[in-house]
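Single-letter residue listing:
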Amino acid sequence: MFYKLNSRLKKVILISFIYILTGAVSLWANERSSEKSEGAESGEEDFETREWSRKENRLKEYESQIHSLKDEIKYLIKEKNESSSSEQKRNLVKQIAEKHEEMNQIISKYNSLKLELKYKYPDKKAYQKKFVPLKKQTLEEIENEMGLD
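All values derive from a computational prediction rather than experimental measurement.

(A) A look at the nonpolar core. Residues Ile66, Ile73 and Met103 are the most contacted members of the largest nonpolar core, which totals 20 residues. Elements that contribute at least two residues to this core include exactly α2 (43-82) and α3 (86-120). Of all the elements, α2 adds the most residues to this core, at 9 residues. In this structure isoleucine 73 touches Ile96, Lys99, His100, Met103, Leu139 and Ile142, once residues within four positions along its chain are discounted.

Dropping the structure here:
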């Protein structure tokens, strides 16, 4: 079935898979490093470090999901613009709206988790450089962004 998809959709699926795989590997690596440092730290500090790592990995996961959904939305918009069938356009618009709503929900989760990390772990300033707040985009903004590519 995968071989029947066009090349643009294959790229979107491949990029999505890579983002998800990267998040999983990162989570695994952080868990392994926290296990190794288990003997060196006290129980409370170790718990805080593990909790911080879990939340940081969740931020990375949200970020990859957002990028993946944005790529899918761009692809669907392109397909909608190239489509000549009104029925197909309606289906694509429905899919775009669903993906957009899902992306906005994940952006909300991302921003709330980022704020939680900011106030719960004020001593860990590194996240402020890595994770910037994400703004919810309208479909028109995404379409305009595509025109600049």
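After that view of the structure, there is still more to cover.
(B) Fine view of the confidence of the model for the protein chain. On average, the protein chain scores 77 in pLDDT, and the residues at 70 or more come to 69%. Model confidence for the protein chain, summarised as mean pLDDT per element, is weakest for helix α4 (residues 126-130) at 57 and strongest for α3 at 90.

(C) Main features of the environment of threonine 49. If you trace the backbone, threonine 49 turns up in helix α2. Relative accessible area serves as the criterion here: at 24%, threonine 49 is assigned to the partly exposed category.

(D) Just α3, in detail. Here α3 contains 35 residues, and its C-alpha end-to-end distance of 51 Å stays within 8% of the 51 Å for a straight helix at 1.5 Å per residue. Of the residues that open α3, the one with a side-chain oxygen 3.4 Å from the backbone nitrogen of glutamate 87 is serine 85.

Rules and cut-offs
Residues numbered from 1 in each chain as written. Predicted model: local features only at pLDDT ≥ 70, side-chain atom pairs only at ≥ 80, totals over all residues. Heavy atoms only, no water. Core = buried A, V, L, I, M, F, W, Y, C linked by side-chain atoms within 4.5 Å. Buried < 20%, exposed > 50% of the residue type's maximum accessible area, 1.4 Å probe, protein only. Helix = DSSP H or I, 4+ residues; strand = E, 2+ residues; numbered from the N terminus. Contact = heavy atoms within 4.5 Å. pLDDT = per-residue confidence, 0-100. Expected span 1.5 Å × (residues − 1). Polar contact = N/O pair within 3.5 Å; in protein donor to acceptor, adjacent residues only side chain to side chain.

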